[in-house]
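Structural description and commentary
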Amino acid sequence: MKKVQKAMKGNHKAFQDLMEKEKVKLYKIAFMYVKNEEDALEVFQETVYRALISIKNLKEERYFSTWLARILINTALDHIKKKNRVVPMDRDLLENKVKPYITPEKEIDLLEAVMELDEKYKSVLVLRYYQDYAIKQIAEILESPEGTVKTNIHRGLILLRKTIKEDCINE
């Protein structure tokens, strides 16, 4: 917490140390949204810049991580809108990037199914099950009521079950 306070007061070394701790998590979230390394790095860099110029506006230092994740998600969504394109999931690229974290093929199929969901379901499921955020933290990141987050997780899981059942039947 002291590093967050120092960063809020303009200490760039403290901010850099905080970014060092968060960079892997942030990159993984960015990659899940934009689906390629170049765009994920661009989103990550833009997130760091936005966080640096606005850290003095952070209200409570204990929410630094969720505040940063919110900036990243908004930056990723802005990037996707700006590019105005849909990138199909490239299985080989995904396997190479995610392999250290996910190995079984069924989990990759699950990740593909998650990424095909509507944005409101994808965001809550990625934050909950791939980044291990609590419901309360997800609500803060997405600026939604906790009940809405729970509903979207529940509905997203129902949609995933249907998708996976259909894939199993069609194979």
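Residues numbered from 1 in each chain as written. Predicted model: local features only at pLDDT ≥ 70, side-chain atom pairs only at ≥ 80, totals over all residues. Heavy atoms only, no water.

The phi dihedral of lysine 35 falls on the positive side, at around 70°, and the residue is not glycine. Counting through the fold element by element, lysine 35 comes out in the loop between helix 2 (12–34) and helix 3 (37–54). With a phi angle near 55°, glutamate 143 is a residue other than glycine that sits in the positive phi range. Mapped onto the elements, glutamate 143 comes out in the loop between helix 8 (135–142) and helix 9 (146–170). (Helix = DSSP H or I, 4+ residues; strand = E, 2+ residues; numbered from the N terminus.)

A few words on the confidence of the model for the chain. Considering every residue of the chain, the mean pLDDT works out to 82; 82% of them sit at 70 or more. When mean pLDDT is taken per element in the chain, helix 3 scores highest with 93 and helix 5 (residues 91–98) scores lowest with 54. A low-confidence stretch, residues 98–105 stays under pLDDT 50, and its non-local contacts, those more than four residues away or across chains, total nine contacts. (pLDDT = per-residue confidence, 0-100. Contact = heavy atoms within 4.5 Å.)

Another point: the side chain of histidine 79. Within the element layout of this structure, histidine 79 appears in helix 4 (residues 64–83). On the accessibility criterion, histidine 79 (7% relative accessible area) is buried. Once you skip the residues sitting within four places of it in the chain, histidine 79 turns out to touch Val34, Asp39, Glu42 and Val43. (Buried < 20%, exposed > 50% of the residue type's maximum accessible area, 1.4 Å probe, protein only.)

This brings us to the pattern of salt bridges. Under the definition given, this model contains nine salt bridges. The residue glutamate 22 makes a salt bridge to lysine 25 at a minimum N-O spacing of 2.8 Å. With a gap of three residues between them, glutamate 22 and lysine 25 both fall in helix 2, about one helical turn apart. Across this residue pair, the class does not change: glutamate 22 and lysine 25 are buried. Residues arginine 70 and glutamate 143 are paired through a salt bridge, measuring 3.4 Å at the closest nitrogen-oxygen approach. Of this pair, arginine 70 sits in helix 4 while glutamate 143 sits in the loop between helix 8 and helix 9, placing them 73 residues apart in sequence. Each member of the salt-bridge network shares a partner with another, and the members are Lys3, Lys13 and Asp17. (Salt bridge = Lys/Arg side-chain N within 4 Å of Asp/Glu carboxyl O.)

Here we take up the nonpolar core. Considering soluble globular proteins, one finds that nonpolar side chains tend to be buried as a cluster. Membership of the largest hydrophobic core comes to 44 residues, with the highest contact counts inside it found for Phe64, Trp67, Leu68, Leu125, Leu127 and Ile138. Going through the elements one at a time, helix 1 (2–8), helix 2, helix 3, helix 4, helix 6 (105–115), helix 7 (119–130), helix 8 and helix 9 are the ones with two or more residues in this core. Of the residues forming this core, the biggest block, 11 residues, is contributed by helix 2. Setting aside residues no more than four positions away along its own chain, phenylalanine 64 makes contact with Val4, Leu18, Met19, Glu22, Ile55 and Leu58. (Core = buried A, V, L, I, M, F, W, Y, C linked by side-chain atoms within 4.5 Å.)

Following both chains from N to C, one finds helix 7 and helix 8 inclined at 135°, their axes separated by 10 Å at the closest point. If you check the angle between helix 7 and helix 8, you find them oblique. Like other packed secondary-structure pairs, helix 7 and helix 8 cross with a definite hand, here right-handed. Here Ser123, Val124, Leu127 and Arg128 of helix 7 come into contact with helix 8, specifically with Ile135, Ile138, Ile141 and Leu142. Residue composition of the contact of helix 7 with helix 8, by class: six nonpolar, one polar and one charged. (Axes fitted to C-alpha atoms, helices over the stretch in contact; angles between N-to-C directions. Parallel < 35°, antiparallel > 145°, perpendicular 65-115°, else oblique. Left-handed = near helix turned anticlockwise from the far one by under 90°. Nonpolar A, V, L, I, M, F, W, Y, C, P; charged D, E, K, R; others polar.)

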